[in-house]
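# Coordinate analysis (summary)
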Amino acid sequence: MSGGDDATMSTESQRAADSPEPLVELAGVGKYYGNVRALDEVSLRVLPGRISCVLGDNGAGKSTLIKIIAGLHRHDAGTLRVDGEETGFSSPRQALDQGIATVYQDLAVVPLMPVWRNFFLGSEAEVTKGRGPLRRLDAARMRETTHRALLGMGIDLRDVDQPIGTLSGGERQCVAIARAIHFGARVLVLDEPTAALGVKQSGVVLKYVAAARDAGLGVVLITHNPHHAYLVGDHFVLLKRGAMAGSHARADITLEELTREMAGGSELEQLSHELTGSGD
C-alpha cells in the first residue's frame with residue numbers, strides 16, 4: 001500500500017474518531033397507514049452538541065417523524081437506535097425515560113397558572129407536612145428552582161408568579177426549552193418553534209436553541225423555514241412527500257442552495273417560467 005493510501009486511511013480514521021456517537025439514529029425508517037406512505041426510507045442521526053434540521057412543506061412527513069421519535073407512533077420499517085441500541089417506543093413516557101423531550105408548536109401550558117407551576121407541570125416537587133397522608137406542593141422551592149433554571153439559560157423573568165399566558169410566544173418557547181434541559185433531556189425535539197413568531201421573537205428562540213446545543217444536547221429542529229434552519233443548523237435533512245429529498249452538512253451547502261432545494265429546484269424554475277412567460 002502506498003504512503004498516499006496510508007495518509008487517506010489515517011485521515012478517515014481520525015474523522016471517525018472525532019465524530020461523536022449518535023444519541024438517536026433512525027435508519028431507513030418507514031411508517032404506513034394502510035396504503036398511505038407517511039414516511040419511507042428516512043434516516044437521521046442526532047449527535048450531542050449538534051443541531052439537525054428537518055425541513056419540508058406541509059405533508060412532507062415532519063409530523064410523523066416527530067411522533068416516532070417522541071414515542072407517539074411506532075415505526076413500521078427500518079431501525080431506531082438510542083445510544084447504539086435498537087429500540088422502538090410504545091409510549092411518550094418511554095422516550096422521556098431515554099432523555100428525549102419534545103416541545104410542540106402548540107405548547108401544553110395552562111395559561112392562567114404561574115410560570116413556575118407550568119415549569120413543573122407533571123413533575124411537581126412535593127413535601128409531606130404533618131403526620132397524615134396529606135401532601136402539599138413545596139411552592140417556595142419550585143419558585144426558586146424555576147428562577148435559577150431560567151437564569152441558567154439567560155432568561156431573566158422578573159416574576160415567575162406571573163401567569164404564563166402573559167408571556168410572549170417566544171418567551172413561552174424559551175421556558176419550555178429551559179424546562180426540558182432542567183429535567184434531564186439529552187435530546188430536544190422542537191416542532192416548528194418559530195412558526196407563529198415575528199422576526200425579533202424568532203431570533204430570541206433561535207438563540208436558546210443554540211444554547212441547548214452548546215449545553216451538549218442533541219437538537220432536532222423541525223421547520224419549514226430554511227433561513228431559520230441555516231442560522232443555527234449543523235446538518236439539514238429535507239423531506240418531500242414522506243421521503244428524503246436531501247441530506248447535507250452545513251459546510252456542503254449554502255443558504256441559497258438549501259432554499260432552492262427545499263422549494264423544489266427545477267419545479268420552482270418551471271413555475272417561474274410559466275408565471276413570467278419567460279419560457280416562450
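Residues numbered from 1 in each chain as written. Predicted model: local features only at pLDDT ≥ 70, side-chain atom pairs only at ≥ 80, totals over all residues. Heavy atoms only, no water.

Across its full length, the chain carries 10 helices and 12 strands. Counting all 280 residues of the chain, 40% fall into the buried class. Considering only contacts within the chain whose residues lie at least 6 apart along the sequence, 64% involve residues at least 24 apart. For the chain, the exposed area adds up to about 15,000 Å²; of that, 50% sits on carbon and sulfur atoms. (Helix = DSSP H or I, 4+ residues; strand = E, 2+ residues; numbered from the N terminus. Buried < 20%, exposed > 50% of the residue type's maximum accessible area, 1.4 Å probe, protein only. Contact = heavy atoms within 4.5 Å. Areas by Shrake-Rupley, 256 points an atom, 1.4 Å probe, with all protein chains shown as cover.)

Once that is clear, we can look at the layout of surface pockets. By volume, the largest pocket is sized at about 810 Å³. Every residue lining the largest pocket is counted, 30 residues in all, and those nearest its centre are Leu-96, Ala-101, Thr-102, Val-103 and Arg-179. At the level of secondary structure, the elements contributing two or more residues to the lining of the largest pocket comprise α3 (92-97), β6 (100-103), α4 (115-119) and α6 (169-182). With five residues, α6 is the largest single contributor of residues to the lining of the largest pocket. Here the residues of the lining of the largest pocket are counted per class, giving 20 nonpolar, six polar and four charged. (1 Å grid on protein atoms, 1.4 Å probe; cavity = no way out; pocket = protein on both sides within 12 Å on 5 of 7 lines; lining within 4 Å. Points joined across faces, edges and corners; volume = space filled by probe spheres on them. Nonpolar A, V, L, I, M, F, W, Y, C, P; charged D, E, K, R; others polar.)

Another aspect to go through is helix α2 (residues 62-70). The periodicity of an α-helix, 3.6 residues per turn, causes residues three or four positions apart to be oriented the same way. Extensive coverage of α2 is indicated by the burial of seven of its nine residues. Along α2, the residues classified as buried are Lys-62, Thr-64, Leu-65, Ile-66, Ile-68, Ile-69 and Ala-70. Following α2 by one or two positions, Gly-71 adopts a phi angle in the positive range, close to 90 degrees.

A word on the side chain of Asp-191. Tracing the backbone shows Asp-191 in strand β9 (residues 187-191). No salt bridge is formed by the buried Asp-191; the nearest opposite charge belongs to Lys-62, separated by 7.2 Å. Setting aside anything within four residues of it in sequence, one finds Asp-191 in contact with Ile-66, Val-103, Tyr-104, Gln-105 and Ile-222. (Lys, Arg positive; Asp, Glu negative; His and termini not counted. Salt bridge = Lys/Arg side-chain N within 4 Å of Asp/Glu carboxyl O.)

One non-glycine residue, Glu-41, lies in positive phi territory at about 55 degrees. Here Glu-41 shows up in strand β2 (residues 36-46). Positive phi outside glycine occurs at Arg-241, with the angle close to 55 degrees. Arg-241 sits in the exposed class, given a relative accessible area of 58%.

Once that is clear, we can look at the packing of helix α5 (residues 139-152) against α6. Relative to each other, α5 and α6 sit at 105 degrees, their axes nearing to 9 Å. In this view, α5 runs roughly perpendicular relative to α6, as classed from their interaxial angle. Contacts from Thr-145, Ala-149 and Leu-150 in α5 reach Val-175, Ala-178 and His-182 in α6. Looking at the contact of α5 with α6, its residues break down into four nonpolar, two polar and no charged. (Axes fitted to C-alpha atoms, helices over the stretch in contact; angles between N-to-C directions. Parallel < 35°, antiparallel > 145°, perpendicular 65-115°, else oblique.)

In this section: the packing of aromatic side chains. Enumeration over the complete set of coordinates arrives at four aromatic pairs. Aromatic side chains Phe-119 and Phe-183 sit 6.0 Å apart centroid to centroid with 40 degrees between the ring planes, which places their arrangement in the tilted category. With Phe-119 in helix α4 and Phe-183 in the loop between α6 and β9, this pair connects stretches of sequence that are 64 residues apart. Its relative accessible area of 0% is what places Phe-119 among the buried residues. Note on Tyr-230 and Phe-236: the rings are 5.6 Å apart at their centroids and 15 degrees apart in plane angle, and the pair reads as stacked. The ring centre of Tyr-230 lies 4.1 Å from the NZ or CZ of Arg-250, which sits over that ring. (Phe/Tyr/Trp six-rings, centres within 6.5 Å; stacked < 30°, edge-to-face > 60°. Lys NZ or Arg CZ within 6 Å of the ring centre and 35° of its normal.)

With 84% of its residues at a pLDDT of at least 70, the chain reaches an overall mean of 85. Taken together, the stretch residues 8-17 has pLDDT below 50 and engages in one contact with residues farther than four places along the chain or on a different chain. (pLDDT = per-residue confidence, 0-100.)

Now for the pattern of salt bridges. Overall, the coordinates contain 10 salt bridges when judged by the stated rule. Salt-bridge contacts for Glu-144 lead to Arg-148; the nearest nitrogen and oxygen are separated by 3.3 Å. Residue Glu-144 and its partner Arg-148 are both found in helix α5; the two are separated by four residues, about one turn of the helix. Because the salt bridges share partners, they merge into one network encompassing Arg-213, Asp-214 and Asp-234.

What follows concerns the environment of Glu-144. In this structure Glu-144 comes out as partly exposed when scored by relative accessible area, which is 41%. Measuring from C-alpha to C-alpha, the distance between Glu-144 and Val-160 comes to 8.9 Å, with 16 residues separating the pair along the chain.

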